[in-house]
Every structure is written in structure tokens, then in C-alpha cells.
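Structural characterization, general
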Amino acid sequence: MKNCFFIEPYVHITAVDQAFSLYNVLNGEIIESKDDELVAMINHMVKTNKNIYFLTNEECIQVNFKNFIKESQVKYIGDLYVDNHLKSPLNYGLSVNINKDINEIKKDKIKLDSSIKNYLAEITVFLNSGNNKFIHIKDGYKQLNYPPSNNSVNFLKPDTVINIIKDSYRLGTSKVNIVLGDLQNYPDIGKIISYLKAIDMKSTLYIHYKDFECNKNQIENAISENFNINLLFNSFFNISEIKEMISNYSDNFIFTFIIQDEKEYIFIENNLLLRYNLRNYEIKPFFNGQNLEFFRNNVFIEKEDILNNKHSHRQLKLNQYYNSNNFGKIYFLNDGKVYTNPNLTTNGDIEHNSLEEILQDAILNPNSGWLKTRNRVNPCRKCIYNCLCPAISNYEYTIGKFNLCNIVN
Ligand code: SF4
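Before going into details, it helps to say that this report is about the structure given with it. Since the structure is predicted, the reported quantities are computational estimates derived from the model, not experimental observations.

1. Observations concerning the overall build of the chain
On a plain count of helices and strands, the chain comes out with 15 helices and 16 strands. The buried share of the chain, taken over its 409 residues, is 33%. Sequence-distant contacts, at least 24 apart, represent 72% of the contacts inside the chain between residues at least 6 apart.

Structure (C-alpha cells):
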């Protein structure tokens, strides 16, 4: 008779150097351990891709193994099975957190060519840079859908933008974000809006509220079921100034408040959210280089956040290979360069590359934002929560560290 420990098929394993976690996707229970012998056992199972492990009689009576088996039973993660040779233990591949080698993806290139159109879900097009009178945050576009503040004279012509949208539509995109900087210097915005409304694609126009106010006649009537306007507010503003906007637009527009500290949040909460019962709004933190503490207190992940969230097998598998914040999204900057994430290197430009070529690069280039998973970066690659944690976001890149958590320093 052999004592065989087995792990249930609905358990996701993350094994790093000296620790592991076993996550039950059905009930959200988790076991984590750094015990050398248990780590060796799980590593052996991972290496052999078997959900079973034969324990010696000595191991069976050891406290660490006994406690581990008991916890596995209680959490429906695994159990001890006595193999009496009449029945074979059920064996199947494990759900393990490992990186798919980029070469494996490359081997699928033929398939990739024909299925490339399944990948593109959303595009964001930055038409021009912001009006410096109004833009008070630097490089906002690297964190949010916000106009670049680069003083650039570059802008994307309406016909170019329409061609980008046409191409993306052909490749299956279902969502378009248009980020408009200086409205006064972009008189043909109506042409783009008309095109988007004609093809009935789900679209959102992002514009600074001051810019909108200066020239609102051009766009205020654009709103429709599939066309939203998102007004950006980036610092303390005059309440009387915004009061009229709320009464005119709060039912149809989305109001995005970009905040840099607690004071700004309290100001918005007291003066707008509570007073005017604003419903269509978003609050977006902005990292300005000085407010790490604000992020630590309000944005950083806690262990409870990770464990209180239920994670499906599908989501965990996805997190292993792809960055779900970026996957399927492409950004067109006003200088013509194209990115999977504006914080990373470019994947091409609209003058020299077709959209198909850009997508090929997005899915094959190991430096692409689509493939930036936590198990590829330090220190997350060594953390047992790297599949459970939310995907890397723009904040990690701008802050310059990947562990935006209060778990691993
Ligand atoms: S952010 Fe990285 S280090 Fe922190 S818990 Fe998530 S995976 Fe672990």
C-alpha cells in the first residue's frame, strides 16, 4: 500500500523558488507555504506534471505533512489517497503557473496570421497635444487617456485617423477612444465624430473640460448611445465653473476627476459627489513623482484585496501569459508612433507599418505590453501571488516599481 497525496484539478499552483501557493478556484481558499519539504514535494509534482505524490511512511507521520494534508482536506484542495493497487490514482496535468516560452508562441505564427484579427479589442488615438494653458499634469497620457503635454506640433490628420479606425474596424476592434488635446487647433474633429457615428462603433472622446468649454459647439451634440464624451478635470477648479456643466451634461457625459492626493479627493467628494449627486463619474489617481505615499495608502494592493477576490481558472491562465490591462489594446500617439503601452518601446508607426505588422509585433515581441506579466518582472516573478494579483498597470511603469503592494517590499 502506498500513501498518495493528490491535488484537485480545480486548484491553481504557483511555485516559485522557495515557496508555493495552491489556490482553489471554486471556493477561493488558498494554502501557502515556505516549508522546504513541502516546497520540494510541490516542485516535484510541477516538474513531473502530475497531480499525485507518493509519501513515504516517515513523511506521513511528520507534523508538517500531516498539517498540510489536513489543511488541504479542509479547503478541498487535495487529499490523501491510499493506493492499494486495486484502483490507480487519477492523474492529470496540473494547472501550474509557468511562462510560455516566447518561441512557443512564435511556432504558432501561421495560426497567428489567420487569427490576428481576434486580438484587437480597443484602440486609443491621441489626436494632438494639449493646450498648455490648461494642461497641468505632465505626461498624463502615460497613465491615463489624457492629452500629451509635449508641446508637440505633431497631430494626426482627420483622414489619417479615419483610416486608422477603418483598418481597426476591419480587424475586429469594437471600441475606439479618441483623446483630443487642443480643440481650437483641431477644427475637423466633427469629421471624425461623424465617421464614428456612421459606423456605430462604441467610442469615447476624452477632452479637458477647459478645452471643451472654449469650443463646445463643435462636439456637444455628438453624444449618442454609442458615442460618449469624457470630460477631464485635473486640479482644484472653481465650483461655479463646473456647476453649469453638471446641470447641462451630467446625465450624458462622463466626468473624470484626476486626483493627486487625499485633499483633492475630499474636495471633490464634498463639493460635487455629495452635493450634486453626480452619477457618471470616475476618479483616477495620478502619480506626479511626489505622491508615492498617497499611492501607498490608496492604490497599493493588500493581501486581503487579493484573497477576497475570486479568481477563475481562465483568468489565472490568462494572467500567466498575457497582461489583461493591455492585451488587445493599441495606442496611436499624435506623432504617428504606435504602442501596446505608451510607457514601453514603440511597436511600429503608421507611416511604415500596417496594422497587421503592429499586431504581430504586439503578440510576438517579448517587450510588448501585451506580454508584460508579473511572472516576467522582479520582484513579482518570485511571489506566490503573481497570478492572483491584478495585471501590471501604467502606474507600475511610471512609479518605476512593479510591486505596488504592501506585501513584498
Ligand atoms: S505586486 Fe508583485 S510582489 Fe506584490 S503581491 Fe503582487 S505579485 Fe506579489
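2. Quick word on the environment of Asn394
Considering the arrangement of structural elements, one finds Asn394 in helix α15 (residues 394-399). Owing to 18 C-beta atoms within 10 Å, Asn394 belongs among the partly exposed residues under this scheme. If sequence neighbours within four positions are ignored, Asn394 has contacts with Lys142, Gln143, Asn341 and Asn343.

3. Digging into the pairing of strand β13 (residues 281-285)
Bridge count for strand β12 (residues 254-259) against β13 is five bridges, and the pairing is parallel. Across the sheet, residue Thr256 finds its bridge partner in β13, namely Glu282. After leaving β12, the chain enters helix α10 (residues 262-276) and then returns to the sheet as β13, a path that is right-handed.

4. Considerations on unusual backbone geometry
Going from Asn378 to Pro379, the amide bond is cis rather than trans, its omega being -5°. Among the structural elements, Pro379 can be located in the loop between α14 (355-364) and α15. The backbone of Asn49 shows a phi angle near 55°, a positive value even though the residue is not glycine. The phi dihedral of Tyr76 falls on the positive side, at around 55°, and the residue is not glycine. In this structure, Tyr76 sits in the loop between α3 (63-74) and β6 (78-83).

5. With respect to the packing of helix α6 (residues 158-170) against helix α7 (residues 189-199)
Interhelical geometry of α6 versus α7 gives an angle of 20° and a closest axis separation of 9 Å. On the basis of their axis angle, the class for α6 and α7 is roughly parallel. Crossing angle aside, the handedness with which α6 passes α7 is right-handed. Together, Pro158, Val161, Ile162, Ile165 and Tyr169 of α6 and Lys191, Ile192, Tyr195, Leu196 and Ile199 of α7 make up the contact between the two elements.

6. Remarks on the nonpolar core
By size, the foremost hydrophobic cluster in this structure holds 59 residues, and its most contacted members are Val125, Leu127, Ile178, Leu180, Ile207, Leu231 and Phe332. With near-sequence residues (within four places) excluded, Ile178 lies in contact with Val125, Leu127, Ile192, Ser203, Leu205 and Tyr206. Within the second largest apolar cluster, 23 residues are counted, among which are Met41, Cys383, Cys389 and Phe402.

7. Thoughts on the pairing of strand β14 (residues 329-332)
Here β14 shows two buried faces, one formed by Lys329 and Tyr331 and the other by Ile330 and Phe332. Taken together, the two bridges between β14 and strand β15 (residues 337-339) define a ladder with antiparallel strand orientation. Across the sheet, residue Phe332 finds its bridge partner in β15, namely Val338. Counting the residues between successive antiparallel strands, the hairpin from β14 to β15 contains four residues, one of them, Gly336, with a positive phi of roughly 95°.

8. Section: the site of the ligand
What surrounds the ligand is a group of 14 residues, the closest being Cys380, Cys383, Cys389, Cys405 and Val408. In the shell around the ligand, the residues fall into 11 nonpolar, two polar and one charged.

9. Details of the sheet that holds β13
Strand order across the open sheet formed by nine strands is β13-β12-β11-β10-β9-β8-β14-β15-β16, with mixed pairing between neighbours. Of all the strands in the sheet, the pair left with one neighbour each is β13 and β16 (348-349).

10. Quick look at α10
With 15 residues, α10 should reach 21 Å at 1.5 Å per residue; the first-to-last C-alpha distance of 20 Å fits that figure. The largest bend in α10 comes to about 40°, at Glu269. Among the residues of α10, those classed as buried are Glu264, Ile268 and Leu272. Those residues of α10 hidden inside the fold are in contact with β12. Immediately downstream of α10, the backbone of Asn277 shows phi near 50°, a positive value.

11. Details of the environment of Gln143
Here Gln143 shows up in the loop between β8 (122-126) and α6. In this structure the C-alpha to C-alpha distance between Gln143 and Tyr397, which are 254 residues apart in sequence, comes to 8.7 Å. With residues near it in sequence (within four places) discarded, Gln143 still touches Phe286, Phe287, Asn394, Tyr395 and Thr398.

12. Points about the environment of Asn386
Within the fold, Asn386 resides in the loop between α14 and α15. Residue classification places Asn386 among the buried residues on the basis of 23 C-beta atoms within 10 Å. Along the chain, Asn386 and Leu316 lie 70 residues apart, while their C-alpha atoms are 9.5 Å from each other.

Calculation rules
- Residues numbered from 1 in each chain as written.
- Predicted model: local features only at pLDDT ≥ 70, side-chain atom pairs only at ≥ 80, totals over all residues.
- Helix = DSSP H or I, 4+ residues; strand = E, 2+ residues; numbered from the N terminus.
- Buried ≥ 20, exposed ≤ 12 C-beta atoms within 10 Å, placed from the backbone.
- Contact = placed C-beta atoms within 7 Å.
- Pairing = 2+ DSSP bridges.
- Right-handed = clockwise from strand over helix to strand, strands pointing away.
- Axes fitted to C-alpha atoms, helices over the stretch in contact; angles between N-to-C directions.
- Parallel < 35°, antiparallel > 145°, perpendicular 65-115°, else oblique.
- Left-handed = near helix turned anticlockwise from the far one by under 90°.
- Core = buried A, V, L, I, M, F, W, Y, C linked by C-beta atoms within 7 Å.
- Near = placed C-beta within 6 Å.
- Nonpolar A, V, L, I, M, F, W, Y, C, P; charged D, E, K, R; others polar.
- Expected span 1.5 Å × (residues − 1).
- Bend = angle between axes of the 7 residues up to and from the residue.

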